[in-house]
Amino acid sequence: METTEVTGWETAVLDGGPADGVRMKVSDRPRVIQVTCPCPIEAAPPGGIRAEAVYLYRRDYAVTTEPLRYGFDVASP
């Protein structure tokens with residue numbers, strides 16, 4: 001696997017999962033992007049408790065030009 005030193009912002013697109021098609025700017029080509037979605041809580045106690053679903057997107061190293069691609073990790077927690 002070959003990596004390159006990149007500085008500045010690049011466009012990335014998420015592929016699959018709950019954030020399919022979302023475009024964003026990333027810096028330094030991160031290996032993983034974490035996406036969270038709020039989950040409704042029934043009868044939430046006072047104190048601001050919240051729950052969020054967490055999804056991971058992993059960089060596709062075959063794509064070396066913009067837009068970078070991040071694929072949904074079906075095994076995300």
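Our subject is the structure that appears above.
If you're wondering where the values come from, they're calculated on a predicted model, not measured in any experiment.

*Asks:* Looking at this structure, I do not really get the nonpolar core. What am I missing?
*Replies:* A general tendency of soluble globular proteins is for nonpolar side chains to be buried together. By size, the foremost hydrophobic cluster in this structure holds 9 residues: Ala-12, Leu-14, Ala-19, Val-26, Ile-33, Val-35, Tyr-57, Leu-68 and Tyr-70. Elements with a contribution of two residues or more to this core: β1 (9–15), β3 (32–39) and β5 (68–72).

*Asks:* Got a minute to help me understand the environment of Ile-41 in this structure?
*Replies:* Within the element layout of this structure, Ile-41 appears in the loop between β3 and β4 (51–59). Once the C-alpha coordinates of Ile-41 and Glu-52 are considered, the two residues, 11 residues apart in sequence, prove to be 9.8 Å apart. What Ile-41 contacts, discounting residues up to four positions off in sequence, is Ile-49, Arg-50 and Ala-51.

*Asks:* Help me understand the pattern of salt bridges, please; the structure alone is not making it clear to me.
*Replies:* Two side chains bearing opposite charge may form a pair once their charged atoms approach each other closely. Scanning all chains against the criterion turns up 4 salt bridges. Note that Asp-15 and Arg-69 form a salt bridge whose closest N and O atoms lie 3.7 Å from each other. Separated by 54 residues along the polypeptide, Asp-15 in strand β1 and Arg-69 in strand β5 bring together distant segments of the chain. Here Arg-50 and Glu-52 are joined by a salt bridge, their closest N and O atoms 3.4 Å apart.

*Asks:* Help me understand the sheet that holds β3, please; the structure alone is not making it clear to me.
*Replies:* Within a sheet, each strand pairs with its neighbour through backbone hydrogen bonds, oriented either parallel or antiparallel. One open sheet accounts for 5 strands, arranged β2-β1-β5-β4-β3; its pairing is mixed. The strands lining the two open edges of the sheet, one partner per strand, are β2 (23–27) and β3. Averaged over all neighbouring strand pairs, the angle between strand axes comes to 40 degrees, with direction disregarded. As judged from the 4 bridges shared by β1 and β5, these two strands associate in the parallel manner. Counterpart to Ala-12 in the pairing with β5 is Leu-68.

Cut-off values and rules
Residues numbered from 1 in each chain as written. Predicted model: local features only at pLDDT ≥ 70, side-chain atom pairs only at ≥ 80, totals over all residues. Heavy atoms only, no water. Core = buried A, V, L, I, M, F, W, Y, C linked by side-chain atoms within 4.5 Å. Buried < 20%, exposed > 50% of the residue type's maximum accessible area, 1.4 Å probe, protein only. Helix = DSSP H or I, 4+ residues; strand = E, 2+ residues; numbered from the N terminus. Contact = heavy atoms within 4.5 Å. Salt bridge = Lys/Arg side-chain N within 4 Å of Asp/Glu carboxyl O. Pairing = 2+ DSSP bridges. Axes fitted to C-alpha atoms, helices over the stretch in contact; angles between N-to-C directions.

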